[in-house]
Amino acid sequence: MTHLLSVDDLGGASGIEEVLRLTDSFVEVSARSIPKVPALRGKTIAWLFYEDSTRTRLSFETAAKRLSADTMNFSVGSSSVNKGESLRDTARTIEAMGVDAIVVRHGSAGAPHRVASWVDASVINAGDGWHEHPTQALLDCYTIRQQLGSLEGRHIAIVGDIKHSRVARSNVLAFSALGAEVTLVAPPTLLPPSVDTWPVKISNDLDAVLPTVDVVYLLRMQRERMTESLLPTLREYTAFWGLTVARAALLRPDALVMHPGPMNRGVEIAAEVADLPRSLIIDQVRNGVAVRMAVLYLLLGSGAELGTTAEERVRA
Ligand code: NCD
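A brief structural summary. Given the structure is predicted, the values throughout are model-derived calculations rather than measurements.

Now for the side chain of Ser-59. Looking at the element boundaries, Ser-59 is found in helix H2 (residues 55-66). The exposure class assigned to Ser-59 is buried, which follows from its relative accessible area of 6%. Setting aside anything within four residues of it in sequence, one finds Ser-59 in contact with Gly-288, Val-289 and Arg-292.

Encoded structure:
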């Protein structure tokens, strides 16, 4: 694997499982009093973020530091992008300074794929438009596996603005590759036109689905990506599709609640529900660092190959 642009680049269940096993090693490293290994000493990683980010960017940054890599910060707001420099020229300029990997977040689907075609460095997709967010899917799989042992045969409902969600696309691919059954629950206006081809069931009755799930995964209304009016009001959205306190009571006692963040408390999830013991939202963030360490290590570590040998090298 040279790049991580899509969940499909991992080659199905076996590739995803390899990343998750390697993540176990990095969770162990992260728990040490000095949570740092020299695995990527001498490597340089640049961030190319054209969209806002809190979790993903800080998590990649922490992951790189724990692997002893050097990082090159690039902030679109204070760069020559404001002087009209193209994505291609910007990527090639960064590469000319000597980078081993470029982590790209961009508002347009396919932008990281374009960057990968222009540079020799490894490219990691940290979210491209409505398209994909593969490291989010990996950290979500890891978090579910940590709680439930495996995703095989589990029922996961993804609820909310599926249409504009790159997280939903990557998670459907990864969850179903690992054997979970996925149900999408959303108003018809927030389902993508291509959804018929996805390996999922569709429902518009959240109350009927909640008692049947192992995991309910909530999405934010991505209003910055909506070009038309798809919802009457947020209040109405919450009434029909929000995980309110009353609805959370329909969940089985052992069912889990997840959200990729950023949350809009009181809209897709009640503030009290986000803080319940069954909510894994903080675990997702914590695991995000170790998962990104695994991805960076697989792409840039010695041998750069998927497999137990990578795991053994880390533990050594
Ligand atoms: C998401 C994103 O930016 O794709 N956040 C994240 O990376 N954890 C989801 C969102 O914006 O709602």
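A separate point is the nonpolar core. Phe-26, Ile-45, Ile-158, Ile-162, Phe-175, Leu-184 and Leu-296 are the most contacted members of the largest nonpolar core, which has 64 residues in total. At 11 residues, helix H11 (residues 281-300) tops the list of elements feeding residues into this core. In terms of domain composition, this core takes at least three residues from each of domain 1 (7-133 + 284-315) and domain 2 (134-281). If we ignore the near neighbours within four places in the chain, the residues touching Leu-296 are Leu-40, Ile-45, Phe-60, Ala-63, Ala-64, Leu-67, Ile-124 and Gly-301.

We now examine the sheet that holds strand E9 (residues 256-258). Strand order in the open sheet made by the 5 strands is E7-E6-E5-E8-E9, with parallel pairing throughout. Each edge of the open sheet is held by one strand with a lone partner, namely strand E7 (201-203) and E9. With strand direction ignored, the average angle separating the axes of adjacent strands in the sheet is 25 degrees.

In this section: the pairing of strand E4 (residues 122-128). Counting buried residues in E4 gives 7 out of 7 residues, a clear majority hidden from the surface. Two strands pair when backbone bridges link them, and strand E3 (residues 101-106) and E4 are joined in this way by 5 bridges, in the parallel orientation. What sits directly across from His-106, in E4, is Asp-128. The parallel pair E3 and E4, bridged by helix H4 (residues 111-118), forms a crossover whose chirality is right-handed.

Rules and cut-offs
- Residues numbered from 1 in each chain as written.
- Predicted model: local features only at pLDDT ≥ 70, side-chain atom pairs only at ≥ 80, totals over all residues.
- Heavy atoms only, no water.
- Helix = DSSP H or I, 4+ residues; strand = E, 2+ residues; numbered from the N terminus.
- Buried < 20%, exposed > 50% of the residue type's maximum accessible area, 1.4 Å probe, protein only.
- Contact = heavy atoms within 4.5 Å.
- Core = buried A, V, L, I, M, F, W, Y, C linked by side-chain atoms within 4.5 Å.
- Domains from an automatic or database assignment.
- Pairing = 2+ DSSP bridges.
- Axes fitted to C-alpha atoms, helices over the stretch in contact; angles between N-to-C directions.
- Right-handed = clockwise from strand over helix to strand, strands pointing away.

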